[in-house]
Amino acid sequence: MARKAYNAEGAVSVGPYSHAVDAGKLVYLSGQTPLDSSTGELVKGGIGDQTKQCFINLFEVLAAANLTPDDVIKVNVYLTDMNHFSAMNEVYQTYFSKPYPARTCVAVLALPLGAEVEIEMIAKRP
């Protein structure tokens, strides 16, 4: 079976992967770091700005797959410092409505290009 992939103009790839892959009812979105698609650089600012940019990129990918934030069922957040958990949550909660998707948040040693956060999602087609 051939893979059906989605790539969004508003998201940047930093390796050999698709932004999302369709698996029938489920669409798996690759992790997005806070790269500004117009510059290819990490956004300036703190964890709040970086979290926001991750969601901007991810929602571009959702749109490319004809999905919306309401279709997201699972989110994985990777932080380089768990002291950023509260600030990330402040931004996170503005991007979803209740009931929120299931979520995991873990600390990692490092992320590509020096990012402080990376976020990936799984969405389900209605």
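Quick caveat, the model's predicted, so the values are computed rather than measured.

Turning to the overall build of the protein chain, a few remarks are in order. A count of helices and strands for the protein chain gives two helices and six strands. Its helices and strands in sequence order give the protein chain the pattern β-β-β-α-β-α-β-β, from N to C terminus. Expressed as lengths along the three principal axes of its C-alpha atoms, the size of the protein chain is roughly 40 × 35 × 25 Å. Residues classed as buried in the protein chain amount to 39% of the 126 residues present. Long-range contacts, defined here as pairs at least 24 residues apart, represent 70% of the contacts in the protein chain between residues at least 6 apart. Across the protein chain, the mean location of the 10 positive side-chain charges is 10 Å away from that of the 13 negative side-chain charges.

Further remarks concern the pairing of strand 5 (residues 102–107). Strand direction decides the pairing type here: strand 4 (residues 72–79) and strand 5, joined by six bridges, are parallel. Bridging from a neighbouring strand, Y78 pairs with V106 of strand 5. In this fold, strand 4 hands off to helix 2 (residues 85–92), which returns the chain to strand 5; that crossover is right-handed.

Let us now look at helix 1 (residues 47–64). The terminal C-alpha atoms of helix 1 lie 26 Å apart, and with 18 residues this matches the ideal 26 Å at 1.5 Å per residue to within 8%. All buried positions along helix 1 are accounted for by I47, Q50, T51, Q53, C54, F55, N57, L58, F59, V61 and L62. Turning to helix 1, the residues buried within the fold contact strand 2 (20–23), strand 3 (26–32), strand 4, helix 2 and strand 6 (117–124). One or two positions beyond helix 1, positive phi appears at N66, with a value near 60°.

One ladder, built from seven bridges, connects strand 4 with strand 6; its direction is antiparallel. Directly across from N76, in strand 6, lies its bridge partner E120.

Right, let's get into the state of the cysteines. Summed over the entire model, instances satisfying the criterion amount to zero disulfides. Free of any disulfide, C54 has its nearest cysteine sulfur in C105, 12 Å distant. Judged by relative accessible area, C54 falls into the buried class, the value being 0%.

Read from one edge to the other, the open sheet built from six strands follows the order 1-2-3-6-4-5, with strand pairing classed as mixed. Each of the sheet's edge strands pairs with one partner strand only, and the pair in question is strand 1 (4–6) and strand 5. Neighbouring strand axes in the sheet, compared pairwise and without regard to direction, differ in orientation by 15° on average. Contacts from helix 1 reach strand 1, strand 2, strand 3, strand 4 and strand 6 within the one sheet, and its direction differs from that of strand 6 by about 30°.

About the cut-offs
Residues numbered from 1 in each chain as written. Predicted model: local features only at pLDDT ≥ 70, side-chain atom pairs only at ≥ 80, totals over all residues. Heavy atoms only, no water. Helix = DSSP H or I, 4+ residues; strand = E, 2+ residues; numbered from the N terminus. Buried < 20%, exposed > 50% of the residue type's maximum accessible area, 1.4 Å probe, protein only. Contact = heavy atoms within 4.5 Å. Lys, Arg positive; Asp, Glu negative; His and termini not counted. Charge placed at Lys NZ, Arg CZ, Asp CG, Glu CD. Pairing = 2+ DSSP bridges. Right-handed = clockwise from strand over helix to strand, strands pointing away. Expected span 1.5 Å × (residues − 1). Disulfide = S-S within 2.5 Å. Axes fitted to C-alpha atoms, helices over the stretch in contact; angles between N-to-C directions.

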